[in-house]
Amino acid sequence: TLAVFFCCTPEDKPQVEDEGGETILTKCPFTKGVNLAQWFQVEEEYIDNHSYAEKDFKDIVSLGIEAVRIPIAFENFTGAAPEYRLSSKLLSSLDKAVDMAEQCGLYIIIDNHSYLGGKFPAQYGEEQLIAVWRQIAARYKSRSDKVIYELQNEPGGSYMEENWYRIQNNFLAAIRSQDVKHTCIVTSVGCHIEELKDIPVFEDKNLLYTFHFYTPYLFTHQGSTWAEPAMASFGGVPYPYSEAKMPDMPAGFVGTDLETKNNDYKIDGTETSLKKRIKIAYDFGQERGVPMFCGEFGVLQAKADNAARCKWHEDVKNYLEICGIGWA
């Protein structure tokens, strides 16, 4: 059954405990968050073109939001090897973001949203990002507890997938060499729920464990152009599933994973299916005794019915909160 979903309520307060000088994070320190995408995911010359202002942060607080996640494409702001010195423009802009968050009482997640590939040196940028984290941790180590470091967004690529848990440990060690105070966010390969079980047990207890939620793919990614071309013109997928409202399957789906997703949607496109998926993350947190955070979830607007999108968001948000899982 799914009754276990209701053993943890949103009224449970997050807390951080100290035992023998060690910080132990027992629950996600916030309930509601939002991603401020594209602010620091640009080339350096554009970083301040559309930046958020103090009023934006106050408006965010007025909505009951408690945390902002700041995705940063660090590869756009680092100098040459071996120092990989972060640009003063990035640091100045990030200082302002941290200032505004602290002044408004918001948690601010500094999210390493680097996509590893051709721009990077050997080993998919591992040395580069170790240097980045040392610099970030040294700069913000004296800031309030509202500052949180997210080691890597959706770690992927063949090298990183094979070596991620060693790399993640190296990122964490780089931060802890400078800053033992602030919470760090760790994850599985790809931020996938199924891979949470593969995360090694850490001695560090001041950690938040994250995953992303875009289930079911056929609904959340309808109209997308960046993965499977066959999805670009595909839309009108209902949520919850309704046989009468299902669009015809495009010919481009045949013989691909999308054909399987389409055939399985009568099961996957239900509230029960969402509960079962989120329960995997809930169970992991309970078994490990660690706090959980859903760092991303959403539905592409391009082809989805808006009422269905709202229903999906409501269901996911409610299930996360029932399970005591913070979200953004």
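Let me begin by describing the structure that accompanies this report.

Rules used throughout
- Residue positions are counted from 1 within each chain, in the order its sequence is given.
- Selection of residues for local features in this predicted model requires a pLDDT of at least 70, selection of side-chain atom pairs for listing and counting requires 80 or more, and totals for whole chains, interfaces and linings are taken over all residues.
- The basis for the side-chain values is all heavy atoms of the structure; hydrogens and waters are excluded.
- Only DSSP runs of H or I reaching four residues or more are called helices, and only runs of E reaching two or more are called strands; each is numbered from the N terminus.
- Radius of gyration here uses only the C-alpha atoms, and the compact-globule reference equals 2.2 Å multiplied by the residue count raised to the power 0.38.
- Relative accessibility decides the category of a residue: with a 1.4 Å probe and only protein chains considered, values under 20% of the type maximum give buried, values over 50% give exposed, and everything between is partly exposed.
- What sets the accessible areas is the Shrake-Rupley method with a 1.4 Å probe; for residues, cover comes only from the shown protein chains.
- To estimate the expected span of a helix, subtract one from its residue number and multiply by 1.5 Å.
- Only heavy atoms enter the contact rule, under which two residues are in contact if any of them lie within 4.5 Å.
- In protein, a polar contact requires one atom able to donate a hydrogen and another able to accept it; more generally it is a pair of N or O atoms within 3.5 Å, and residues adjacent in sequence count only if both atoms are side-chain atoms.
- By convention, a stacked pair of Phe, Tyr or Trp rings (six-membered ring in the case of Trp) has centres within 6.5 Å and planes under 30 degrees apart, an edge-to-face pair has planes over 60 apart, and any other such pair is tilted.
- Charge-over-ring placement is defined geometrically: NZ (Lys) or CZ (Arg) within 6 Å of the ring centre, and within 35 degrees of the ring normal.
- Think of it this way: DSSP has to see at least two bridges between two strands before they count as a pair.
- The angle between two axes is taken between their N-to-C directions and runs from 0 to 180 degrees, where each axis is a line fitted to C-alpha atoms and a helix contributes only its stretch in contact.
- Should an angle lie under 35 degrees it is considered roughly parallel, over 145 roughly antiparallel, and from 65 to 115 roughly perpendicular; all remaining angles are considered oblique.
- Crossing handedness: left-handed means the near helix sits turned counterclockwise from the far one by under a right angle, and right-handed means the same turn made clockwise.
- Here the term charged refers only to Asp, Glu, Lys and Arg, the term nonpolar to Ala, Val, Leu, Ile, Met, Phe, Trp, Tyr, Cys and Pro, and the term polar to all other amino acids, Gly among them.

## Let's talk about the overall build of the chain
Moving on, step 1. Helix and strand content of the chain: 9 helices and 10 strands.
Moving on, step 2. Radius of gyration (C-alpha) of the chain: 20 Å, near the 20 Å computed for a compact globule of 328 residues.
Moving on, step 3. Taking the principal axes of the C-alpha coordinates as reference, the chain spans close to 55 × 45 × 40 Å.
Moving on, step 4. Classification of the 328 residues of the chain by burial places 49% in the buried group.
Moving on, step 5. Entry remark: accessible area of the chain is about 15000 Å², with carbon and sulfur atoms responsible for 50%.

## Side note on helix α9 (residues 306-322)
Moving on, step 1. Between its first and last C-alpha atoms α9 spans 24 Å; for 17 residues at 1.5 Å apiece the expected length is 24 Å, and the two agree.
Moving on, step 2. Of the residues making up α9, those classed as buried are A308, R309, W312, D315, V316, Y319, L320, E321 and I322.
Moving on, step 3. Residues of α9 that are buried make contact with β8 (207-213), α5 (217-220), α8 (271-288), β9 (292-297) and β10 (326-327).
Moving on, step 4. Of the residues flanking the start of α9, the one acting as N-cap is D305, its side-chain oxygen 3.2 Å from the backbone nitrogen of A307.
Moving on, step 5. One or two residues past the end of α9 sits G324, with phi positive at roughly 70°.

## Notes on the packing of aromatic side chains
Moving on, step 1. For the structure on display, the rule yields 15 aromatic pairs.
Moving on, step 2. Look at W39 and F40: their rings are 4.9 Å apart centre to centre, the planes differ by 40°, and that puts the pair in the tilted class.
Moving on, step 3. Here W39 falls in the buried class, since its relative accessible area comes to 5%.
Moving on, step 4. Ring pairs connect the aromatic residues W39, F40, Y52 and F57, which therefore count as one cluster.
Moving on, step 5. We note K146 situated over the ring of Y107; from NZ or CZ to the ring centre the distance is 4.1 Å.
Moving on, step 6. Across from the ring centre of Y217, 5.4 Å away, lies the NZ or CZ of K261, which sits over that ring.

## Structural notes on the sheet that holds strand β6 (residues 147-150)
Moving on, step 1. Here 8 strands make up an open sheet; going across it, the order is β3-β4-β5-β6-β7-β8-β9-β10 and the pairing parallel. Both outer strands of the open sheet, β3 (33-35) and β10, are each paired with one neighbouring strand and no more.
Moving on, step 2. Pairing analysis gives 5 bridges linking β8 to β9, with the strands arranged parallel. Paired with Y209 across the two strands is M292, which belongs to β9.
Moving on, step 3. Lying over the sheet, helix α3 (residues 126-140) contacts β5 (107-112) and β6, oriented at roughly 175° with respect to β6.
Moving on, step 4. Across the sheet, α8 lies against β8 and β9, angled at about 165° from β8, the strand it touches most.

## Let's talk about the packing of α3 against helix α4 (residues 158-176)
When two helices pack together, their arrangement is given by the angle between the helix axes and the distance between those axes.
Moving on, step 1. Packing of α3 against α4 brings their axes to within 9 Å, and their N-to-C directions diverge by 25°. In terms of their interaxial angle, α3 and α4 are classed as roughly parallel. In this structure, α3 crosses over α4, and the sense of that crossing is right-handed. Facing α3, whose interface residues are E126, L129, I130, W133, R134 and A137, α4 presents Y159, R166, I167, N170, F171, A174 and I175.
Moving on, step 2. The class makeup of the residues in the contact of α3 with α4 is 9 nonpolar, 1 polar and 3 charged.

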